[in-house]
Amino acid sequence: MVNGPVMASANLRWRRRHFLQAAGIGGALGIAGRRKAHAQDAAARLRKTVYGWFPAHFGSWETSAIQWDALTHICFRSVVINGDGSVSRPAGNPPRAFVDAAHQHGVRVCVLVWVNMQQDSDSYLANYRQQAAQNLLAYVRDNGLDGVAYDDERWTAANGPLMSQFLQTLSRTFKDANPDYHLAFAAPPVISANDRYGVNWFDWPAAAEAVDAIVPMLYTANPPSIGWTTSPEPLAGSQPTQRTVARDIVTLMADYYEAVAGRRDKLLLGVSAFPWPGYEFRCRTPERLSPILERGVSRPLDYLEAQARKYGKRRDWKQQAAWYVYQDGDQFVQGWYDDEQSWAAKLDYVNQEELGGVGIWVLDGASDAPAMWDLLRAAFGPVKPRGEEIA
């Protein structure tokens, strides 16, 4: 393995403390200490879940770029619950070699559970909860999997109690079959009662009891049409509107801390994989949070870094984002994005807030950046002893 990024990560350690203090979210943070040879010590530091959704390209099973020792769970896409509680398999069954490779590296394999249409969600939740849970269990058993991630994004206030009941049904069905089965819930990014889009009607304490992990899907919390210049996924320092709360990690996660009644260990911070595209905006002023003139344009990291070198790279210490600005006629152009320091600050936030770990959207399998795995190891230490296998 290339050692350069690992050495560079050591250089980042002291800066991360400064970054988080500048964001106003706490004191100094430690990075996991040196690796020790024996498994007992590694297991003692196995306190963070690294849950990776997979793959970026639906139907691909390529894993050559995955560094398994920096991952605890891989969740492939997907199966679909139908209105009658049956389960469709748009990706078919996972190749046995894929499941075996993950298990040989001590990584649990789960499947993402999706719902396509509102009428299907209404139907199975009202009438076929037990059938759906049993069919999911059968799929997991047939393929030698380790659990599911439930992601029904057709949520409505009317179905809130039924979704809560389904999570409890799912938990009983799976845990009675095998207490080690892992259940995750992909949760909405905004749950504030002060937000017009907030899913504040759900029974979050009951959800925290029913599942092993709740993943607030905070990746790309700010769309390119957000209205002002900003990072897609700021740590802090965003701004509210009259009808919405600030779209940043610190603000949105604060609502979850209250909602789950102290079960922070069940929360996995949903983050975009590194690197992830940022935005370039045309705007009215050179200032941060400037009103935009049109929807932002998604740009890859290498383009944004090249522009930053050309026009001067800046850092927003609250958002923990890199940015640049230049004038173009009577307008300004700003680029906003996450670099390695930005991503490292999010992982350190997970440590400081004592969360269960991270949920990463989405692993490519063929081209995942080595820097991402190095940053995970630097923040969380070895997430499991090397060579540990799942029977």
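These numbers come from a predicted model, not from an experiment.

**What to know about the overall build of the protein**
Counting its regular elements, the protein contains eleven helices and 14 strands. For the protein, contacts bridging at least 24 residues in sequence account for 74% of all contacts bridging at least 6.

**Some remarks on the nonpolar core**
In this structure, Tyr150 and Leu376 are the most contacted members of the largest nonpolar core, which totals 105 residues. Examining the composition of this core, we find that seven residues originate from one element, helix 11 (residues 370-380), more than from any other. Once residues lying within four places of it in the same chain are set aside, the contact partners of tyrosine 150 are Ile81, Val113, Tyr124, Leu125, Met163, Phe166, Leu167, Leu170, Ala184, Phe185 and Ala186. In terms of nonpolar packing, the next biggest core, distinct from the first, is built from nine residues, Cys283, Ile292, Ala321 and Val325 among them.

**Considerations on the packing of aromatic side chains**
Taken as a whole, this structure holds 22 aromatic pairs when the rule is applied. Look at tyrosine 279 and phenylalanine 281: their rings are 5.6 Å apart centre to centre, the planes differ by 80°, and that puts the pair in the edge-to-face class. By relative accessible area, tyrosine 279 is classed as buried at 5%. Here the aromatic cluster, defined as three or more aromatic residues joined through ring pairs, consists of Tyr124, Tyr150, Phe166, Phe185, Trp201, Phe202, Trp204 and Tyr256. The ring of tyrosine 257 carries the charged tip of arginine 264 above its face, separated from the ring centre by 3.7 Å.

**Side note on the sheet that holds strand 12 (residues 321-328)**
Strand order across the open sheet formed by five strands is 10-9-13-12-11, with antiparallel pairing between neighbours. Two strands bound the open sheet, and with one partner strand each, they are strand 10 (297-299) and strand 11 (314-316). Averaged over all adjacent pairs, the angle separating strand axes in this sheet is 30°, with direction ignored. Pairing of strand 11 with strand 12 involves three bridges; the strand directions are antiparallel. Its bridge partner being in strand 12, aspartate 316 is matched across the sheet by alanine 321. Across the sheet, helix 9 (residues 301-311) is in contact with strand 9 (278-283), strand 10, strand 12 and strand 13 (331-337); its angle to strand 12 comes to roughly 60°.

**Thoughts on helix 9**
Among the residues of helix 9, those classed as buried are Leu301, Leu304, Gln307 and Ala308. The buried residues of helix 9 occupy an angular sector of 130° when projected down its axis, which confines them to one face. Of the exposed residues in helix 9, the ones pointing more than 90 degrees away from its buried face are Asp302, Arg309 and Lys310. Where helix 9 is buried, its residues contact strand 9, strand 10, strand 12 and strand 13. Once helix 9 ends, the next one or two residues include glycine 312, with phi positive near 105°.

**Some points on the packing of helix 4 (residues 118-127) against helix 6 (residues 160-177)**
Interaxial distance between helix 4 and helix 6 falls to 9 Å at its minimum, and their mutual angle equals 60°. The angle between the axes of helix 4 and helix 6 places the two elements in the oblique class. Where helix 4 crosses over helix 6, the two elements pack in a sense that is left-handed. Of the residues in helix 6, those in contact with Tyr124, Leu125 and Ala126 of helix 4 are Leu162, Met163 and Phe166.

**A closer look at empty space enclosed by the protein**
For the structure on display, the rule yields two cavities of 30 Å³ or more. In this structure, the largest cavity encloses a volume near 70 Å³. Every residue lining the largest cavity is counted, 13 residues in all, and those nearest its centre are Ser272, Trp276, Pro277, Asp338 and Lys346. Classifying every residue of the lining of the largest cavity by side-chain character gives seven nonpolar, three polar and three charged. In this structure, the second largest cavity encloses a volume near 30 Å³.

**A short note on the side chain of aspartate 364**
Relative to the elements of secondary structure, aspartate 364 occurs in the loop between strand 14 (357-361) and helix 11. Beyond its immediate chain neighbours, meaning those up to four positions away, aspartate 364 contacts Phe54, Pro55, Ala56, His57 and Glu62.

**What about the packing of helix 4 against helix 5 (residues 129-142)?**
Any two packed helices are characterised by the angle at which their axes cross and by the distance between the axes. In contact at an axis separation of 5 Å, helix 4 and helix 5 are set at 100° when each is read in the N-to-C sense. When the interaxial angle is binned, helix 4 and helix 5 end up roughly perpendicular. In contact with Tyr124, Leu125, Ala126 and Asn127 of helix 4, helix 5 contributes Arg129, Gln131 and Ala132. Classifying every residue of the contact of helix 4 with helix 5 gives four nonpolar, two polar and one charged.

**Thoughts on the environment of leucine 355**
Inspection of the secondary structure puts leucine 355 in the loop between helix 10 (340-352) and strand 14. Considering only alpha carbons, one finds leucine 355 and arginine 264, 91 residues apart in sequence, at a separation of 5.1 Å. Residues within four places of leucine 355 in sequence aside, it is in contact with Lys48, Met253, Tyr257, Arg264, Asp265, Leu267, Leu269, Tyr349 and Val350.

**Thoughts on the pattern of salt bridges**
Inspection of the entire model under this criterion finds 16 salt bridges. For aspartate 100, the salt bridge is made with arginine 96, and the minimal N-O distance between the two is 3.1 Å. With aspartate 100 and arginine 96 both in helix 3 (residues 96-104), this residue pair falls four residues apart, about one helical turn. For arginine 96, a relative accessible area of 45% gives the class partly exposed. When the shortest N-O distance is used, the salt bridge between glutamate 353 and arginine 264 registers 2.5 Å.

**As for the environment of proline 189**
You can see proline 189 is positioned in the loop between strand 6 (182-187) and helix 7 (204-210). Residue classification places proline 189 among the partly exposed positions, given a relative accessible area of 28%. Residues proline 189 and tyrosine 219, 30 residues apart in the sequence, show an inter-C-alpha distance of 8.4 Å. Beyond its immediate chain neighbours, meaning those up to four positions away, proline 189 contacts Met217, Leu218, Leu252 and Tyr256.

Definitions and cut-offs
- Residues numbered from 1 in each chain as written.
- Predicted model: local features only at pLDDT ≥ 70, side-chain atom pairs only at ≥ 80, totals over all residues.
- Heavy atoms only, no water.
- Helix = DSSP H or I, 4+ residues; strand = E, 2+ residues; numbered from the N terminus.
- Contact = heavy atoms within 4.5 Å.
- Core = buried A, V, L, I, M, F, W, Y, C linked by side-chain atoms within 4.5 Å.
- Buried < 20%, exposed > 50% of the residue type's maximum accessible area, 1.4 Å probe, protein only.
- Phe/Tyr/Trp six-rings, centres within 6.5 Å; stacked < 30°, edge-to-face > 60°.
- Lys NZ or Arg CZ within 6 Å of the ring centre and 35° of its normal.
- Pairing = 2+ DSSP bridges.
- Axes fitted to C-alpha atoms, helices over the stretch in contact; angles between N-to-C directions.
- Arc of directions from axis to C-beta.
- Parallel < 35°, antiparallel > 145°, perpendicular 65-115°, else oblique.
- Left-handed = near helix turned anticlockwise from the far one by under 90°.
- 1 Å grid on protein atoms, 1.4 Å probe; cavity = no way out; pocket = protein on both sides within 12 Å on 5 of 7 lines; lining within 4 Å.
- Points joined across faces, edges and corners; volume = space filled by probe spheres on them.
- Nonpolar A, V, L, I, M, F, W, Y, C, P; charged D, E, K, R; others polar.
- Salt bridge = Lys/Arg side-chain N within 4 Å of Asp/Glu carboxyl O.

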